[in-house]
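# Descriptive analysis of the structure
So the chains spell out like this:
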Protein chains: 2
Amino acid sequence: MEVINLLTEVNKITELYTYKKVGFLNGNILSIVQVENRTLDFHVHENSDELFYVIEGSFYLETKKNKTKVNTGEFIIVPKGVKHRPVVTDLTNFLMIELSGTLNKENSGDLYEE
Amino acid sequence: MEVINLLTEVNKITELYTYKKVGFLNGNILSIVQVENRTLDFHVHENSDELFYVIEGSFYLETKKNKTKVNTGEFIIVPKGVKHRPVVTDLTNFLMIELSGTLNKENSGDLYEE
């Protein structure tokens, strides 16, 4: 069992959009990533809820109906089946949690490797 | 979809050992709790991994082999089947994540209600 310091670990990442796995929990993968100046296309995860936790920074979570700001120390959970996209301007550090097999290059920005 | 600020929400709790549910993620419950001066009995969750995240404070996670300190901004995941107990002295605020149905009055301190 390993202790993970979110801020320390995310600051070790040297490239944007590169997901680092930091845990596995009941079929879910916990990963951390640094993102800047990126808006993903609207997409849906049919089989998994998705948690965005902001370690540092802020972003907007957009659905077709709402645009919600999420700041440092806050999380939001997108239920499966809900079309959404993250909108990131300033450098922001995230913890993501979703079922294993959910993220891929199309819905994660670029450099995700299962 | 609701934005949850962990520190704000946990500081709204007025009683120790009282779990407040703040999210549901792929069958897991996210709950926050304030704990002080409490050592639980060693116990096992046979069906669920369990994540302890320290919002503020620190505690020791003990297994039969190790005693691991977890500080503010850090998490540790106890795999299912691993006997463990949290040891808390100073007031510490937690985010807990485990499968729905895992926590009960015996393994959570006192006041857990599913």
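In short, a report on the structure. (Residues numbered from 1 in each chain as written. Chains lettered and ligands numbered in written order. Predicted model: local features only at pLDDT ≥ 70, side-chain atom pairs only at ≥ 80, totals over all residues.)

### Here's the deal with the pairing of strand β7 (residues 67-71) of chain B
Residues and elements named next belong to chain B. As a reminder of what qualifies: When DSSP locates at least two bridges between a pair of strands, those strands are taken to pair. The helix count covers DSSP runs of H or I at least four residues long, the strand count covers runs of E at least two residues long, and both are numbered beginning at the N terminus.
For strand β6 (residues 58-62) and β7, the ladder comprises 5 bridges, and the chain directions are antiparallel. Looking across to β7, one finds that Ser 58 is bridged to Asn 71. Between the end of β6 and the start of β7, which pair antiparallel, lie 4 residues.

### Notes on the relation of the copies chain B and chain A
Rule in force here: The superposition of copies rests on a least-squares fit of C-alpha positions from residues with pLDDT of 70 or more in both. Note that contacts rest on C-beta atoms placed from the backbone: two residues are in contact if these are within 7 Å.
Mapping chain B onto chain A calls for a screw motion: a turn of 180 degrees about the axis and a shift of 0.0 Å along it, with 0.0 Å RMSD after fitting. Here the copies are linked by what is in effect a two-fold axis. Every residue of chain B has its C-alpha some distance from the rotation axis, and the shortest such distance is that of Asn 26 of chain B, at 4.4 Å. Both copies present the same face, since 100% of the interface residues in chain B are matched by interface residues at the equivalent positions in chain A.

### What about the sheet that holds strand β8 (residues 74-78) of chain A?
Here 6 strands make up an open sheet; going across it, the order is β2(A)-β3(A)-β10(A)-β5(A)-β8(A)-β1(B) and the pairing antiparallel. The sheet is open, and its two borders are formed by β2 (20-25) of chain A together with β1 (4-5) of chain B, each paired with just one other strand. Relative to β1 of chain B, β8 of chain A runs antiparallel, the two being bridged by 2 bridges. Bridge assignment links Glu 74 of chain A to a residue of β1 of chain B, and that residue is Asn 5 of chain B.

### Describing the nonpolar core
For the record, the criterion: Buried Ala, Val, Leu, Ile, Met, Phe, Trp, Tyr and Cys residues whose C-beta atoms connect them within 7 Å together make up a nonpolar core. The exposure label follows from counting other C-beta atoms within 10 Å of a residue's C-beta, where the C-beta atoms are placed from the backbone and the thresholds are 20 or more for buried and 12 or fewer for exposed, leaving partly exposed in between.
Grouped together as the largest cluster of nonpolar side chains are 53 residues, with contacts concentrated most on Phe 52 and Phe 94 of chain A together with Phe 52 and Phe 94 of chain B. For Phe 94 of chain B, the residues in contact, after removing those within four places along its chain, are Ile 32, Val 33, Val 35, Phe 52, Tyr 53, Val 54 and Ile 55 of chain B.

### With respect to the environment of Glu 46 of chain B
All names here are of chain B. Summarising the element assignment, Glu 46 is placed in the loop between β4 (38-39) and β5 (50-56). Between the C-alpha atom of Glu 46 and that of Gly 81, which follows or precedes it by 35 residues, the distance is 4.8 Å. Discounting residues that sit within four places of it in the chain, Glu 46 has contacts with Lys 80 and Gly 81.

### Section: the sheet that holds β6 of chain B
Strand pairs in the sheet, formed through backbone hydrogen bonds, run parallel or antiparallel to each other. Residues and elements named next belong to chain B. Pairing in this open sheet of 4 strands is antiparallel, and the strands run β4-β9-β6-β7 from one edge to the other. Each having just a single partner strand, β4 and β7 make up the two edges of the open sheet. Taken together, the 3 bridges between β6 and strand β9 (residues 85-88) define a ladder with antiparallel strand orientation. Bridge assignment links Glu 62 to a residue of β9, and that residue is Arg 85.

Just distances and angles here, no functional claims.
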